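# Report on the structure
For reference, the chains in residue letters:
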Amino acid sequence: MADSARDTTEVDLLRGRQHTPPGILVIFGGAGDLSHRKLLPALYNLSLDGELPAHSAIVGFSMEDLTDDAYRKFARSGIEQFSRRPLDEDHWKKFAPLLHFVRGNFTDQSNYKALRDRLEAIDKEAGTQGNRVFYFAVPPAFIDPCSSGLHSAGMIRPATDATVFTRVVVEKPVGHDLASAREIDERLARYFDESQIFRIDHYLGKETVENLLVLRFANSMFEPLWSSRFIDHVQITVAEQEGVGTRADYYDHAGALRDMVQSHLLQVLCMIAMEAPRTTGADAVRDAKLDVLRSLKPFDADEVGRFVVRGQYGEGLVAGEKAKAYREEEHIAPDSMTETFVAMRCFVENWRWAGVPFYLRTGKRLPKRASEIAIFFKSVPRILFNSRPRPPLEPNILVVRIQPDEGLALNIISKLPGAELRLAPVKVDFHYTTASPEAYETLLRDVMIGDQTLFMRRDTVEAAWQFIQNILDVWAAAPSEPKIYSAGSWGPVESALMIATDGRAWRTP
Ligand code: BG6
């Protein structure tokens, strides 16, 4: 952690330092993009840190025709390209034998018997004791066939069995809308108990997002100020410089509202707005987040028109390079109406937050990759130091930088050195200096130790969809062209106008 900000006193660990138990992680879609870029590099880093148990195995399960050796090569190339730490030849020799591959079609029940036999053989060789984590890195349509395949091959042990565990990891998006999310949850519940289901939102595994709770509830100076009494408004920005990349098929059907707001931005909002949970236990934390989602004021049609902005990138310049318009990207229809940018104003209608606007925005092809939360405190009254200057003094702003350059900054007003009494904002800045683990490392480890705190519970996912569904319905009832913005800009002008109608402006991260 940062220089002066942490002394040598070791803080109590509320979570972690538990040993990961023996077991097999089976990745459905194990030869896919998510495995290559994220899961396998994360597992390698866990292994480097000694966080993978001695008796463990990783099995890729998917359609590709791969041998164990070929799968190891696939993993190695993912680690070489995407691991946060370089591949170490000595360590690779220990890690590679943990990897196995089973070829299978998710909808063909006979493949699950082959999978079961292979896992049982690995249990005998590697001492993995029958414990299983099934990671569904597959499109939502396959969740049901995969669950029922596991069930009919007798691979799902009940949650009540204290001797072994079966856990399942489900990637976002859970569904396409409220109805489909409910259906997926309903189907999962036929095979798994809620305590066995780990719904991933990788933003919750990011160090700085998790740190929000610590910031708020382990320091006495923030919480007394954390309400409509002292806070004017909150801005949450998740900006990406990248365009749609190679995920056109998925993204063009999803769009930024489903892809980012329904999950990542609402989860971050929960961390900012929630009450102190009763304990640090998974259900207490998730109950507190659920209260926030249920307190979000639903939009009516008129408000959607005024306070939710849909944008799509046109061509432009990103980091000095010419960037194509979204509609010119590969596999995107030239008349696609999908939004790549959303900005909105919402309210958490409870005693603490009544009247405080939360402005959210996210988009692709913005000027830089930057995710942050900015808490704008109320301005000091227009008396004393604030009576003369024009324009008025800037308010205090607490900025939590989620990525990159993770850290915290607080703008305070200070006297400029000199005989005259001149005031200006100065920044108290705190940077994390050590490389944080990747979100997937934290989350995979939590699944293995069975800690659900950072995973979305069924009711939380459905409450988030409930809020988003109103907007989707209004958009579907009167389809309109998204507002085009130049790639490399901060979104359509309507986004700036939306916040300007409240007499405020977006902060530039
Ligand atoms: C994913 C979205 O969940 O998050 C992507 O599907 C997005 O569209 C990504 O690019 C952003 O994650 P990160 O960790 O790079 O901010």
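Residues numbered from 1 in each chain as written. Predicted model: local features only at pLDDT ≥ 70, side-chain atom pairs only at ≥ 80, totals over all residues. Heavy atoms only, no water.

## Quick look at the overall build of the protein chain
Within the protein chain, the secondary structure is distributed over 13 helices and 17 strands. Since a compact globule built from 509 residues should have a radius of gyration of about 23 Å, the 24 Å found for the protein chain is in line with a globular shape. Dimensions along the principal axes, computed over C-alpha positions, put the protein chain at roughly 80 × 60 × 45 Å. Classification of the 509 residues of the protein chain by burial places 53% in the buried group. (Helix = DSSP H or I, 4+ residues; strand = E, 2+ residues; numbered from the N terminus. Rg over C-alpha atoms; globule rule 2.2 N^0.38 Å. Buried < 20%, exposed > 50% of the residue type's maximum accessible area, 1.4 Å probe, protein only.)

## A short note on the site of the ligand
Contacts to the ligand come from Lys172, His202, Tyr203, Lys206, Glu240, Arg247, Asp259, Met260, His264, Lys364, Arg369 and Gln403. Here Arg247 contributes a side-chain N or O atom positioned 2.9 Å from an oxygen atom of the ligand. Look at the ligand: alone it shows 400 Å² of surface, and the protein chains cover 83% of it. Among the elements that make up the shell around the ligand, the one with the highest residue count is helix α8 (residues 248-273) (3 residues). Each residue belonging to the shell around the ligand can be placed in one class, and the counts come to 2 nonpolar, 3 polar and 7 charged. (Near = heavy atom within 4 Å. Polar contact = N/O pair within 3.5 Å; in protein donor to acceptor, adjacent residues only side chain to side chain. Areas by Shrake-Rupley, 256 points an atom, 1.4 Å probe, with all protein chains shown as cover. Nonpolar A, V, L, I, M, F, W, Y, C, P; charged D, E, K, R; others polar.)

## Observations concerning the state of the cysteines
This structure, assessed with the given rule, holds 0 disulfides. Unpaired in this structure, Cys270 has its nearest cysteine sulfur neighbour in Cys346, at a distance of 10 Å. By relative accessible area, Cys270 is classed as buried at 0%. (Disulfide = S-S within 2.5 Å.)

## Topic: the packing of aromatic side chains
Applying the stated criterion to the full structure yields 21 aromatic pairs. Judged by centre distance (6.3 Å) and plane angle (70 degrees), the rings of Tyr251 and Tyr326 are edge-to-face. Linking Tyr251 in helix α8 with Tyr326 in the loop between β10 (321-323) and β11 (341-347), this pair joins segments that are 75 residues apart in sequence. The exposure class assigned to Tyr326 is buried, which follows from its relative accessible area of 0%. With centroids separated by 6.1 Å and ring planes inclined at 75 degrees, the aromatic side chains of Tyr359 and Trp506 adopt a geometry described as edge-to-face. Of the two residues, Tyr359 sits in strand β12 (residues 357-363) while Trp506 sits in the segment after α13 (493-500), which places them 147 residues apart along the sequence. (Phe/Tyr/Trp six-rings, centres within 6.5 Å; stacked < 30°, edge-to-face > 60°.)

## So, the confidence of the model for the protein chain
Residues at a pLDDT of 70 or more form 96% of the protein chain, whose mean pLDDT is 93. In the predicted structure, residues 1-13 sits below a pLDDT of 50 and forms 13 contacts with residues beyond four places in sequence or in another chain. (pLDDT = per-residue confidence, 0-100. Contact = heavy atoms within 4.5 Å.)

## With respect to the environment of Tyr432
Tracing the chain through its elements places Tyr432 in the loop between β16 (423-431) and α11 (439-449). The spatial distance from the C-alpha of Tyr432 to the C-alpha of Asp201 is 22 Å, given a sequence separation of 231 residues.

## Looking at the environment of Tyr326
Measuring from C-alpha to C-alpha, the distance between Tyr326 and Thr163 comes to 52 Å, with 163 residues separating the pair along the chain. Those residues within four positions of Tyr326 in sequence are excluded, and the remaining contacts are Val244, Tyr251, Asp252, Gln312, Tyr313, Ile332, Ser336, Thr338 and Thr340.

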